[in-house]
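Below are the chains, spelled out letter by letter.
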Amino acid sequence: METKDMMMTSMLRMDRGENEGERDKGKEKEEGEGEEKENGRLMLADGLAERGPKSLMPTSGQQVSNGFTTSTPQSPREGPGTGACSGGGFTTSTPQSPREGPGTGACSGGPASGPGGGTGSSMPMGGLRTLVVQQTSLERPRETWSKKMDFLLSVIGYAVDLGNVWRFPYICYQNGGGAFLLPYLLMAVFGGVPLFYMELALGQFHRSGCISIWKHICPIFKGIGFAICIIALYIAFYYNTIMAWALYYLLSSFRPILPWTTCTNSWNTANCNRYMSTDSNVSWSNSSTSPAEEFYTRQVLQVHLSPGLHQLGSVSWQLALCLLFIFIIVYFSIWKGVKTSGKVVWVTATFPYLVLLVLLIRGATLPGAWRGVVFYLKPDWQKLLSTTVWIDAAAQIFFSLGPGFGVLLAFASYNPFHNNCYKDAIITSSVNCLTSFLSGFVIFTVLGYMAEMRHQDVDTVAKDAGPSLLFIIYAEAIANMPAATFFAMIFFLMIIMLGLDSTFAGLEGVITAMLDEFPHILAKRREWFVLGLVCICYLGALSTLTYGGAFVVKLFEEYATGPAVITVVLLEIIAVSWFYGTNRFCNDVQVMLGFYPGCFWRVCWVAICPCFLLFIIISFLAFPPVVKLFNYHYPPWTTVLGYCIGVSSFICVPAYMVYHLLHAKGTFKQRLLKSITPESSSEGHRDFIVTNAV
């Protein structure tokens, strides 16, 4: 009775008379119900200890040994308290998340059968019976997804982003075409998917965001959560600007003649060469520029007005309005939590697949499409001997699945406790990889068509990577199609929706982390906090809306997020596998899912995943990227600036370690030991205790 999480066995002898037992029953029933209302619910089940944890899995309306129907709460978080019961009739409840909280329970003897003469259990009177005391929390229950599909679509929408459309096809053909699929799949199986599965399981078990979760794992690594939040802000600063560009294109598509099809506009130069499929007398030279390229660089971005990062120029008011509209959509999609964002993703996560299918069918019917497909998939096995191919495969699968950004922890924390996150990890990661592969066909059928039309090789047409592949090459190809206006509208609407899903997820990761870390301040002010966060993201993105904003976007993309988030995830997997312990983590998974993770997953978490991440980090340091955009070569000082931006987020990890050790009590050895020991949650990690009673 004086210690938490204890198991109490009480053997009472039933030697009183029946009349005295009936009188005690009525008195104890009143007392037990009073205690139950204040502190918790009670569950009585025969043979629970013998059946093991699986017997605690929730079933709606199940019968327990006293003949009463059980109720199944979602997943209550439990606080300290005690529970008492009587042997008489009472309604029992079966917890969905068996995570014990501090408390004790006792049960007085009474008739084993329920009212109405039900015999309940065949166990003779006076035998051992098992009592489970479930405590209830006075705090607000954690929000959950309305439907399982809300969660799956949110995770798929987060993982499938713009990179699947422009980065994977480019990296695939650059690294050996079909031969690249081998290192890509190997990196996915041994690196990406195990990390994906681990984050979903961590978030679902501990039901916390990326900051507060560390007190349950390894408190000294709490700085990882703050670093993740800063990285998410950096991403929001530049990622949404790409959607603003797409919105500008979408609005420009509402006219009979697309503006990137002619050379008679105010922004065009003498080198502009209108090369449509109907123009047979026009020759294409190396100095020629297409109307689509000049529309993108001189009208949308206006990079010709900025000499470089040292002089960005003024803000483009058109792009500022487009970005404002994007953030308004983002705010009203996430301001109420996963209940609202889970409904929005039914459109934003499914519409891109419909558009990809339409564009694939249209591209496959274009002349020369086969040339692009052959170029995309023709294997070059010699390239597998190059380390660059394996580095690109590891980086692509990592950034495509997206562990380490706090999103998977946040999304999984809103799941029911016994949700099968293992199955979710396999499904969503498979969908993500297949989408990348499908996007390659969508892009390269069109590139083959462009090569056929220009009488050039496919590799000459596909020289652009990144956003230029979408906003120049693909935009020009769409302009040459019949019903060009329709295809332009659905294509750029697809780009916007692909980006919105990832923005919803990235900001939700930050919001969940802050609300879980400071619940008393922010829990009832979510709408205002989200508004403030969106305003900060908009103000931080203003530098990307200038005439030289494209240079800023490239700088953030190369330096601000990549190395920092990979290092953060490396520390995360080390903290979970080596400090928290793989056995303890696997036991957590068994409590949730009812099965113990296999040897493959344990080996991946302990050894393969850390080596996988370390391989990416070393390759980045050994072969730093050569940053170039259009004709602008980034000067050396921009490299220093980029590394400073990356370190500014990662510095939270060692800074918090020092802070934690300085503020802990005791000797240095005691402080260090305490800092790597998981703290017991004040809310209680487990919702039941098991006792044996007569």
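How each quantity is defined
- Residues numbered from 1 in each chain as written.
- Predicted model: local features only at pLDDT ≥ 70, side-chain atom pairs only at ≥ 80, totals over all residues.
- Heavy atoms only, no water.
- Helix = DSSP H or I, 4+ residues; strand = E, 2+ residues; numbered from the N terminus.
- Buried < 20%, exposed > 50% of the residue type's maximum accessible area, 1.4 Å probe, protein only.
- Areas by Shrake-Rupley, 256 points an atom, 1.4 Å probe, with all protein chains shown as cover.
- Contact = heavy atoms within 4.5 Å.
- Disulfide = S-S within 2.5 Å.
- pLDDT = per-residue confidence, 0-100.
- Core = buried A, V, L, I, M, F, W, Y, C linked by side-chain atoms within 4.5 Å.
- Polar contact = N/O pair within 3.5 Å; in protein donor to acceptor, adjacent residues only side chain to side chain.
- Axes fitted to C-alpha atoms, helices over the stretch in contact; angles between N-to-C directions.
- Parallel < 35°, antiparallel > 145°, perpendicular 65-115°, else oblique.
- Phe/Tyr/Trp six-rings, centres within 6.5 Å; stacked < 30°, edge-to-face > 60°.
- Patch = residues over 30% accessible without salt bridge, like charges linked within 9 Å, V, L, I, M, F, W, Y side chains within 5 Å.
- Salt bridge = Lys/Arg side-chain N within 4 Å of Asp/Glu carboxyl O.
- Left-handed = near helix turned anticlockwise from the far one by under 90°.
- Nonpolar A, V, L, I, M, F, W, Y, C, P; charged D, E, K, R; others polar.

1. Some details on the overall build of the chain
Assigned secondary structure in the chain consists of 25 helices and nine strands. For the chain, the residues scored as buried account for 56% of the 694 residues in total. When the accessible surface of the chain is summed, it comes to about 29200 Å², and 63% of that surface belongs to carbon and sulfur atoms.

2. Details of the side chain of His660
One can find His660 in helix α24 (residues 652-663). Sequence-distant contacts of His660, defined by excluding residues within four places in its chain, comprise Pro219 and Ser675.

3. Description of the state of the cysteines
Counted under the stated rule, the structure contains one disulfide. What pairs with Cys263 in a disulfide is Cys272, and their sulfur atoms sit 2.0 Å apart. Across the disulfide from Cys263 to Cys272, rotation about the S-S bond amounts to roughly -70 degrees, and the bridge is consequently left-handed. The class for Cys263 is partly exposed, based on a relative accessible area of 23%.

4. Side note on the confidence of the model for the chain
Considering every residue of the chain, the mean pLDDT works out to 78; 76% of them sit at 70 or more. Low pLDDT, under 50, characterises residues 1-126; the predicted model gives this stretch 268 contacts beyond four residues in sequence or across chains. When the criterion is pLDDT under 50, residues 132-138 qualifies, and its contacts beyond four places in sequence or with other chains add up to 44 contacts.

5. Structural notes on the nonpolar core
Ranked by size, the top nonpolar core spans 192 residues in total, and within it Trp245 and Trp260 carry the most contacts. A per-element tally of this core places helix α6 (residues 223-252) first, with 21 residues. Ignoring any residue separated from it by four or fewer positions in sequence, one finds Trp245 in contact with Tyr296, Val300, Leu301, Leu319, Pro467, Phe471, Ala550 and Val553.

6. Observations regarding helix α7 (residues 291-300)
In terms of residue burial, α7 counts as a mostly covered element, since seven of its ten residues are buried. Within the sequence span of α7, burial applies to Pro291, Ala292, Glu294, Phe295, Tyr296, Thr297 and Val300. As for α7, its buried residues are in contact with α6, α8 (317-334) and α16 (467-479).

7. Re the side chain of Ser649
Tracing the chain through its elements places Ser649 in helix α23 (residues 636-650). On the accessibility criterion, Ser649 (0% relative accessible area) is buried. Side-chain polar atoms of Ser649 contact the backbone oxygen of Gly646, separated by 2.9 Å. Setting aside chain neighbours within four positions, we find Ser649 in contact with Ala227, Ile230, Ile231, Tyr234 and Ala564.

8. Thoughts on unusual backbone geometry
Positive phi outside glycine occurs at Gln302, with the angle close to 60 degrees. Secondary-structure assignment places Gln302 in the loop between α7 and α8. Owing to a relative accessible area of 15%, Gln302 belongs among the buried residues under this scheme. In this structure, Ala483 takes a positive phi of about 55 degrees despite not being glycine. Topologically, Ala483 is positioned in the loop between α16 and α17 (484-517).

9. Notes on the packing of helix α4 (residues 162-174) against helix α12 (residues 387-401)
The geometry of α4 relative to α12 is characterised by a closest axis approach of 11 Å and an angle of 170 degrees between their N-to-C directions. One way to sum up the angle between α4 and α12 is to call them roughly antiparallel. In contact with Gly163, Asn164, Arg167, Phe168 and Ile171 of α4, α12 contributes Asp392, Gln396 and Ser400.

10. Topic: the packing of aromatic side chains
Taken as a whole and assessed by the stated rule, the structure comprises 54 aromatic pairs. Both rings, one in Phe332 and one in Trp335, keep their centres 5.4 Å apart while their planes meet at 75 degrees; by these two values the pair is edge-to-face. Accessibility expressed as a relative area gives 49% for Phe332, which makes it partly exposed. Residue class for Trp335 comes out partly exposed when judged on its relative accessible area of 25%. Through successive ring pairs, a cluster of aromatic residues spans Trp245, Tyr248, Tyr249, Trp260, Trp267, Phe295, Tyr296, Phe471, Tyr474, Phe491, Phe492 and Phe630.

11. Some points on a nonpolar patch on the surface
Together, Leu182, Leu186, Val189, Phe190, Trp381 and Phe600 give the surface a local cluster of nonpolar side chains, amounting to about 540 Å² of exposed area. With four residues, the top contributor of residues to the nonpolar patch is helix α5 (residues 181-206). For Phe190, the position within the fold is in helix α5. On the accessibility criterion, Phe190 (35% relative accessible area) is partly exposed.

12. A look at the packing of α6 against helix α21 (residues 562-593)
Interaxial distance between α6 and α21 falls to 10 Å at its minimum, and their mutual angle equals 155 degrees. For the element pair α6 / α21, the angle class is roughly antiparallel. In the packing of α6 onto α21, the handedness of the crossing is left-handed. Of the residues in α21, those touching α6 at Ile224, Ala227, Ile228 and Ile231 are Ala564, Val565, Val568, Leu571 and Glu572. Residues that form the contact of α6 with α21 fall into these classes: eight nonpolar, no polar and one charged.

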